[in-house]
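# Examination of the molecular architecture
What follows is the residue order along each chain.
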Amino acid sequence: MSKRVLTTESGAPVADNQNSATAGVGGPILLQDQHLLEKLARFNRERIPERVVHARGSGAYGHFEVTDDVSAYTSADFLSEVGRKTELFLRFSTVADSLGGADAVRDPRGFAVKFYTEEGNYDLVGNNTPVFFIKDPIKFPDFIHSQKRDPFTGKQEADNVWDFWAHAPEATHQVTWLMGDRGIPASYRHMNGYGSHTYQWTNAQGEAFFVKYHFKTNQGIRSLSADQAAELVGKDGNSHQTDLLQSIERGVYPSWTLYVQVMPAAEAADYRFNPFDLTKVWPHSDYPLQRVGRLVLDRNPDNVFAEVEQAAFSPNNFVPGIGPSPDKMLQGRLFAYADAHRYRLGVNHTLLPVNAPKAVQGGANNYGRDGLMAANAQGRGAKNYEPNSFGGPVETGQPLAAPLAIHGYTGTHEAPAHTKDDDFFQAGELYRLMSEEEKQRLVANIAGGLSQVSRDDIIEKNIAHFAAADADYGKRVEEAVRALRD
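Residues numbered from 1 in each chain as written. Predicted model: local features only at pLDDT ≥ 70, side-chain atom pairs only at ≥ 80, totals over all residues. Heavy atoms only, no water.

### Things to note about the packing of helix 2 (residues 140–147) against helix 3 (residues 158–166)
Direction vectors running N to C along helix 2 and helix 3 enclose 145°, while the axes themselves pass 7 Å from each other. In this structure, helix 2 contributes Asp142, Phe143, Ser146 and Gln147 to the contact, and helix 3 contributes Asn160, Val161, Phe164 and Trp165. Looking at side-chain class alone, the contact of helix 2 with helix 3 contains 4 nonpolar, 3 polar and 1 charged residues. (Axes fitted to C-alpha atoms, helices over the stretch in contact; angles between N-to-C directions. Helix = DSSP H or I, 4+ residues; strand = E, 2+ residues; numbered from the N terminus. Contact = heavy atoms within 4.5 Å. Nonpolar A, V, L, I, M, F, W, Y, C, P; charged D, E, K, R; others polar.)

Encoded structure:
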C-alpha cells in the first residue's frame, strides 16, 4: 500500500521533515525554508482564546427522539410527532476553572445541547442545576470574577468567593445545591441537565406557554464526596472526559429523558414565585413534569479541538415554536453567548461543521459576507443586499414565537415581587428535603470553605443567609465554622 505524501499548506510535497535547511553542514538556518517557517508559525497559532466560563469541556454526538405528544404546547417541527428523531451535539463543562482544570471539582456543570433541526439549529444552553447564583446579567461579570483566579495571588480565594455571596443573598439557593451531595457529579453521565431558564413555547394556534426543561439521567444520579473527588483528581484530572469517551467507545450509550414543566402564559403574573427568576424553581406540585422524549449520545468527536473547543452555543438560536421569556439572565445571555463566539472563533464560526445548520445546504441562507475565514458559496452574481429582484432569500413574515406583552417606563427596575418571592424560602425548602446525613455533608462542605475567609463580617453575613433559609441550617453552619477556626 503506497503511503500518502506529506505536503505543505499549499499542497506542495515535503522532501525532508526531519532536518531544517541550513547554510552548509552545521550552518545557520535559512529564511527560505518555507516548510520550517510554516510549521513554527502554525504552531504558534494553534491555541485560540479559551472560554472565560465553561472552558473545560467534553462533548459527543447523538440524537433526540420524541416519545410523547407535546404538539398542544409547541409547533416546533422537531417535536411535532412521536418517533421523530433529530441529530444533536451535547457539550458538558465545568464553569469556573480554566481549560487545564480538573473534571472532578465542586462546580456547576454546563449542559449545552445543539439540535440540528430541519428548521435550523436550536441551542438549549443549561446547567446540571435548575437554578443559578444571580438573577440579573449585570452582575454576571462580577460574580465570575469573584470565582476565578485572583489577580494578585493567581488562585481562587475564599475571601472573594464568599464575599460576593455575602452581598448576593439570592445565591443562597444555588449555594445550597452546590455544597450539597450533587455538587461533584461522579461523571457527566450520572447527572441531570436543566434548561434552568424559563422559555416560551407557542403552539400552532398561537397560544403561548412558559416552560422549564429537565433532562433526567437514565444512568441514575451518582456523585462524589469531597474526599473521593480529591483522590480521583490526583489519579486522573480528565476523569469525566475519560468516562464519557470510553463509555461511548464501548457501546454503552448514555441517555437522558427530557421532561418539561408547562405554565400557561396567563398564569405567570400571579404565580407565587417570579417564574422568570433564575434563582427559583417551579415546585413540581404546582407544575408536574411532562415527558417529551429521550436523548442518546452514541458518537465521540473525531477531533476534540475542532468539534468540542470550537462548538459554539447561543440561547438566541431558536426555531419556530420556541422563543425567549422575560427571564433577565436569559435576556442577557441572548447577546453574550453569541458575542463570545464572534470574539473567540470569528464572525464566520457558524460555517464550521459542528456549528453549521444541517437544515440549509451550504450553510445559512442570508446576506452576511466577508470577515475572517469567510467561506460563503453564494455563487457568481449572488447579491449581498435585501430586498432584491434577483431571487435571493426572503423573509417569511411568521414570527418564531408569540409576542411578549410589556408595559411601564424604561429604567433600572428591580424584578417584580410575587407573593412568596424572597431569597431564602426555596433554599430552606431544599435543606428541609435533605436527610440527616445529607445535611451533615452539606454543612461540612460549606464550613470547609467559609472557615478559610479572613474577615469575620463576611462569615457572619453568609451565616445569616443560611439562618434566614432555616434556623437549624444557620446554627449548624455557625457551629461548624467556629469549630474549624478555633
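Structure shown, so let's carry the discussion forward.
### Considerations on the packing of helix 11 (residues 456–469) against helix 12 (residues 471–485)
In contact at an axis separation of 5 Å, helix 11 and helix 12 are set at 150° when each is read in the N-to-C sense. What the angle tells us is that helix 11 and helix 12 run roughly antiparallel. In this structure, helix 11 contributes Asp456, Ile459, Ile463, Phe466, Ala467 and Ala469 to the contact, and helix 12 contributes Ala471, Tyr473, Gly474, Val477, Glu478, Val481 and Arg485. (Parallel < 35°, antiparallel > 145°, perpendicular 65-115°, else oblique.)

### Let's talk about the nonpolar core
Counting residues in hydrophobic clusters, the biggest one holds 42 residues, and the most contacted among them are Phe133, Trp162, Trp165, Ile446, Leu450 and Val477. Among the secondary structure elements, those contributing two or more residues to this core are helix 2, helix 3, helix 4 (172–179), helix 9 (425–433), helix 10 (436–450), helix 11 and helix 12. At 6 residues, helix 3 tops the list of elements feeding residues into this core. Val477 has contacts with Val443, Ile446, Leu450, Ile463 and Phe466, leaving out every residue within four places of it along the chain. Formed by 37 residues, the second largest nonpolar core is a distinct cluster that contains Phe64, Tyr122, Phe318 and Ile322. (Core = buried A, V, L, I, M, F, W, Y, C linked by side-chain atoms within 4.5 Å. Buried < 20%, exposed > 50% of the residue type's maximum accessible area, 1.4 Å probe, protein only.)

### Digging into the environment of Gly24
Looking at the secondary structure, you find Gly24 in the segment before helix 1 (34–44). Residue Gly24 is classed as partly exposed on the basis of its relative accessible area of 44%.

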